[in-house]
Structures are given as C-alpha cells and as structure tokens.
Amino acid sequence: MLDTELLQEGLALMGFGMGFVFVFLTLLVIATTLMSRVVNRLVPVPEPKAAAAAPARQDDEELLAVMSAAVHRYRRRHRR
C-alpha cells in the first residue's frame, strides 16, 4: 500500500516538473520571438551596396598560376 502511494506521488511530481519545464520553454520561445520582432522593427537591416567590379590585373593571373601549381603538387603528393 505504501509503495503505491509513493509511486503516485512520484508520478505527480514528475508530471508537475515536466509541465513546469514545458511552460517555461514555451514562454522563453515566445519572448525570444517577440524580442526579435521588436529589434527588427527598431533597427532595420541595411541594404547591401553593389560591389564595384575590380579590374583584372597581371597579379591575378600570376596568383592563379601559382595556386594551380600548388594544388597540382598537393594532389600529386597526397594520392590515396
């Protein structure tokens, strides 16, 4: 008889604890969502500026050649 009462009390305590955690996490999600909306209204996201295309230079071609050689050498040394 005592074991049944103890088990019922344990289950009730477990249900209360799980319910409390569920309510807390739900409120936390709601609060976070509301804060995000408030921040988005107060501080709008700046529009990205169009990046100016950089003219191709001789250095770029040399850099490309050096990088290609390095990749080729790495792949040759680290074959499976």
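Scoring rules and cut-offs
- Residues numbered from 1 in each chain as written.
- Predicted model: local features only at pLDDT ≥ 70, side-chain atom pairs only at ≥ 80, totals over all residues.
- Heavy atoms only, no water.
- Helix = DSSP H or I, 4+ residues; strand = E, 2+ residues; numbered from the N terminus.
- Buried < 20%, exposed > 50% of the residue type's maximum accessible area, 1.4 Å probe, protein only.
- Patch = residues over 30% accessible without salt bridge, like charges linked within 9 Å, V, L, I, M, F, W, Y side chains within 5 Å.
- Areas by Shrake-Rupley, 256 points an atom, 1.4 Å probe, with all protein chains shown as cover.
- Salt bridge = Lys/Arg side-chain N within 4 Å of Asp/Glu carboxyl O.
- Lys, Arg positive; Asp, Glu negative; His and termini not counted.
- Charge placed at Lys NZ, Arg CZ, Asp CG, Glu CD.
- UniProt positions renumbered as here; feature names shortened; annotations may be inferred.

(A) Quick peek at the overall build of the protein chain. Counting its secondary structure elements, the protein chain contains 2 helices and 0 strands. The 80 residues of the protein chain split such that 0% are buried.

(B) The arrangement of a nonpolar patch on the surface in detail. On the surface, a cluster of nonpolar side chains totalling about 500 Å² of accessible area is made up of Phe20, Val21, Phe24, Leu25 and Leu28. On the secondary structure map, Phe20 appears in helix α1 (residues 2-42).

(C) Expanded view of a negative patch on the surface. Together, Asp59, Asp60, Glu61 and Glu62 make up a negatively charged patch on the protein surface. One can find Glu61 in helix α2 (residues 58-77). Overall, the relative accessible area of 53% leaves Glu61 in the exposed class.

(D) Summary view of a positive patch on the surface. A cluster of basic side chains, namely Arg73, Arg76, Arg77 and Arg79, defines a positive patch on the protein surface. Note that Arg79 resides in the segment after α2.

(E) The UniProt feature "transmembrane region" (unreviewed entry) in the protein chain, seen in detail. As annotated in UniProt, the feature "transmembrane region" (unreviewed entry) corresponds to residues 12-34 in the numbering used here. Secondary structure content for residues 12-34 is 100% helix and 0% strand, and the end C-alpha separation is 33 Å.

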